[in-house]
Amino acid sequence: MTPIVKVENLTKHFPIKKNALARRAAGNVKAVDGISFEIAPGETLGMVGESGCGKTTAGRTIIKLYEPTGGKIFFEGEDITKVSPAAMRSYRSKMQIIFQDPFSSLNPRHTIGRIIAAPFEIQNITPEGGVKRAVQTLMERVGLNPEHYNRFPHEFSGGQRQRIGIARSIALKPKFIVADEPVSALDVSIQAQIINLLDDLQTEFGMSFLFIAHDLSVVQHISDRVAVMYLGKIMEIAPTTDLYAAPHHPYTKALLSAVPVPDPNTERTRERILLHGDLPSPMNPPSGCVFNTRCWKAQDRCRIDEPELLQIGASSVACHFPE
Amino acid sequence: MSIEIVDGASASEPVLGADEELKGRSPRELAWRRFRRNKVGIIAGVFTLGTLLSSLFAPFICKVLGLDPNELHLDQINVSTGLPKAYLGGISWEHPLGLLPGTGRDLLSQLLYGSRISFLVMILATVATLFVGLLAGITGGYLKGRVDATLGRVTDFLLAFPSFFMIVALAEPLVDRIQRLGIAHGNSARILFLIIILTFFGWTGFSRLIRSQVLSLSERDFVTAATALGASRTRIIFQELIPNLWAPVIVVLSLSLPGYLTAESVFSFLGIGVQPPGFTWGLLISNSTQYVTNMPSFFLIATVSLVLVVLAFNLLGDAVRDALDPKADK
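Note that residues are indexed from 1 along each chain, following the sequence as it is written. Each chain gets a letter, beginning with A, and each ligand a number, beginning with 1, in the order they are written. Whole-chain, interface and lining totals are the exception, using all residues; otherwise, since this is a predicted model, local features are given only for residues with pLDDT of at least 70 and side-chain atom pairs are given and counted only at 80 or more. Hydrogens and water molecules were not included; the side-chain quantities draw on all heavy atoms of the structure.

UniProt positions are given in the numbering used here, feature names are shortened, and annotations may be inferred rather than shown by experiment. Turning to chain B, the UniProt annotation filed under Subcellular location (unreviewed entry) states: "Cell membrane".

K.L.:
Can you help me understand the sheet that holds strand 9 (residues 225-230) of chain A in this one?
P.N.:
By way of backbone hydrogen bonds, the strands of a sheet pair with one another, either parallel or antiparallel. Residues and elements named next belong to chain A. DSSP calls a pair of strands paired once it identifies at least 2 bridges connecting them. In DSSP terms, a helix is any run of H or I states spanning at least four residues, a strand is any run of E spanning at least two, and both are numbered starting from the N terminus. Across the sheet, 8 strands lie side by side as 6-7-8-3-9-10-12-11; this open sheet has mixed pairing. Only two strands of the sheet have a single partner each, and these edge strands are strand 6 (95-98) and strand 11 (310-312). The mean angle between the axes of side-by-side strands here comes to 20 degrees, regardless of whether they run parallel or antiparallel. Relative to strand 7 (residues 176-180), strand 6 runs parallel, the two sharing 4 bridges. In the strand pairing of strand 7, Gln 96 is matched with Ile 177. Of the strands in this sheet, strand 3 (44-48), strand 6, strand 7, strand 8 (208-212) and strand 9 are in contact with helix 1 (residues 55-62), which crosses strand 8 at around 155 degrees. In this analysis, axes come from line fits to C-alpha atoms, helices being fitted only over the stretch in contact, and the angle between any two N-to-C directions falls in the range 0 to 180 degrees. Any two residues whose heavy atoms approach within 4.5 Å at even a single point are treated as in contact.

K.L.:
Can you walk me through the nonpolar core in this structure?
P.N.:
Looking at soluble globular proteins, one finds that nonpolar side chains tend to be buried together. What we call a nonpolar core is a set of buried Ala, Val, Leu, Ile, Met, Phe, Trp, Tyr and Cys residues that are connected through their side-chain atoms within 4.5 Å. Partly exposed describes any residue whose relative accessible area lies between the buried limit of under 20% and the exposed limit of over 50%, with all areas from a 1.4 Å probe on protein chains only and scaled to the type maximum. One finds Ile116(A), Ile164(A), Ile166(A), Ile170(A), Leu198(A) and Phe211(A) to be the most contacted residues of the largest nonpolar core, which totals 56 residues. Judged by nonpolar contacts, the second largest core, of 44 residues, contains Leu100(B), Ile191(B), Ala263(B) and Leu283(B).

K.L.:
Would you mind showing me how to read the confidence of the model for chain B here?
P.N.:
Predicted coordinates in areas of low pLDDT are best not read in detail. Residue and element names in this part refer to chain B. Each residue gets a pLDDT score, which is the predictor's confidence in that residue and runs from 0 to 100. Of the residues in chain B, 89% reach a pLDDT of 70 or more, and the chain-wide mean stands at 81. The weakest mean pLDDT in chain B belongs to helix 1 (residues 12-23) at 42; the strongest belongs to helix 9 (residues 221-228) at 92. Long-range and interchain partners of residues 1-23, a stretch whose pLDDT sits below 50, account for 13 contacts in this model, where long-range means more than four residues apart. Reported confidence for the predicted complex is 0.87 by ipTM and 0.79 by pTM.

K.L.:
Would you explain the packing of aromatic side chains in this entry?
P.N.:
For any two aromatic rings, the description comes down to two numbers: the centre-to-centre distance and the angle of the planes. Aromatic pairing here means that ring centres of Phe, Tyr or Trp (its six-membered ring) are within 6.5 Å. Orientation follows from the plane angle: under 30 degrees is stacked, over 60 is edge-to-face, and everything else is tilted. Here the structure, examined in full by the defined rule, presents 12 aromatic pairs over all chains. Considering the side-chain rings of Phe200(B) and Phe201(B), the 5.1 Å spacing of their centres and the 85 degrees angle between planes classify their relative orientation as edge-to-face. According to the relative accessible area criterion, Phe200(B) is partly exposed, its value standing at 43%. Take Phe201(B): its relative accessible area is 13%, and that puts it in the buried class. Members of the aromatic cluster, connected to one another through ring pairs, are Phe157(B), Phe161(B), Phe200(B) and Phe201(B). Note that Lys6(A) overlies the ring of Phe74(A), its terminal NZ or CZ placed 5.8 Å from the centroid. Counted as over-ring charges are cases with an Arg CZ or a Lys NZ within 6 Å of the ring centre that also lie within 35 degrees of the ring normal.

K.L.:
Looking at this structure, I do not really get unusual backbone geometry. What am I missing?
P.N.:
With glycine set apart, most residues show a phi of negative sign, and most peptide bonds adopt trans. Phi at Lys173(A) is positive, roughly 50 degrees, even though this residue is not glycine. Considering the arrangement of structural elements, one finds Lys173(A) in the loop between helix 5 (158-170) and strand 7. Here Lys173(A) falls in the exposed class, since its relative accessible area comes to 53%. For Lys144(B), which is not glycine, the phi torsion reads 50 degrees and is therefore positive. Tracing the sequence through the fold places Lys144(B) in the loop between helix 5 (107-143) and helix 6 (145-160). Of the residues examined, Lys144(B) reaches a relative accessible area of 31% and is grouped as partly exposed.

See below:
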């Protein structure tokens, strides 16, 4: 089966200019630096990593909200890397994004009805029974009162706003959705509701998700496979159960050991891996394996040779000394 | 929403009210509701509207009152002092605000007719400023890069320019040029000059404000969401950005309307704007300063009119901005 999304060696660098007159960039922030993966129809790929590792940039570049610097993006087998922003418009109904911050993702001057109707209007689609009917059905589907059609975003809570954002994203029944930390800004109880909603919608419409998060338990719950990112690169990509049961990459192991265990006795006695130092600057990443500055297993080889993603069982790991 | 259910029979009515509540109100209704609660805003609005209407219908009002701005009442002027013979600058039933010293013209009709030119300059200069400022601000803020840098330097240059002296120095040659080109003559040429020159030096601050707003707005997620849905630039600018620019537009409107009104008065006062036999508020105030000690009523009426109109515009602008802000529900 053709994957919905396939990414090959994708890079996204942001040039830094010292001043407005400088023609040449003073450097590049290597936000995404050569990542490759596939997402099958109906699959959810979780993407985890600490702040600044390039998760969000990766998500936005894949749906071409940013122009990729290098590499290739295939959508349903078609190469969309070089498609111009204007020509991208026809693909937009098939790929969507859900934002992290429900307070900035809705235009404060538009009513809810207008916000959710925007996809139909922009793509020039008249749904059966009219736009208003379709919008109200969508509102009901995501758990909003359809009578709140004419209300403004500020009249809703964070969780409700996130539902509005979701309704807008699913309006055109896209095949692929980038969920960019959709629950990070919400209360834990609301998080569960939103995740269940996304889960239900996926079963109903059969969409694929790229689920970006930093909360490992949330990712475990919703993902079929998980990719672990560090400094713009994928460290490990594996089926969820494998990744959580037997992490191969030292970084994955360190991340997982940071998840608290809900049993005080185990929590007190278990071994935790503490990473020392800060995330190196993405402007000037370390040579060899990017994780070598913080890895307890690092050896000379790690500082020179960059490890490739290699298959170990069902997992792919970029490490010279996998567990 | 408070619903009191007394008994089954009367409960139906409040429930109907609740249904209405759920339908939601249109943005304009909500803004109007908020505006109506603001008493100062209402008073300022009524005053502003009244002033603008009486300026517009000045000929009609003067006819009804039996006044003529050009009619001389030399018989009511003391020949030796030039002041009106009657008390209080000649305030009477026939002349509600008294007479002008020297010529004995009626002050009320002069104020009404004079306001027409003053308001014309004010409104046209503001509209032009808004247009140029919005255009430059949105272009710079949305396109960024070299376009923005160029516009920014032009703005810097104009802001650093000693515009007041420039206007004074340019008045004669430019008015002359306008007349020779045959676009307008006499006072019309001077009015046109004022509008053009006030706009030329006035749009920069507004454009700065709009640019910064557009810069911050275009990084917000709802704009990204529109892009992700495949919205065109035009749609993003007109549907996503401009509706969020109302607050600065209203602020600028409420500041630049009275600003231009006073500017017109200042330049007429200095003899650069409209000149006799035309008359504007600036000329009236200029004229009245000679009589501050001998006939304070003239000076007070002329200046207080200007202050009141400026104040009303500012207060109205404040009230409208509050009403348009969906978050300002107190």
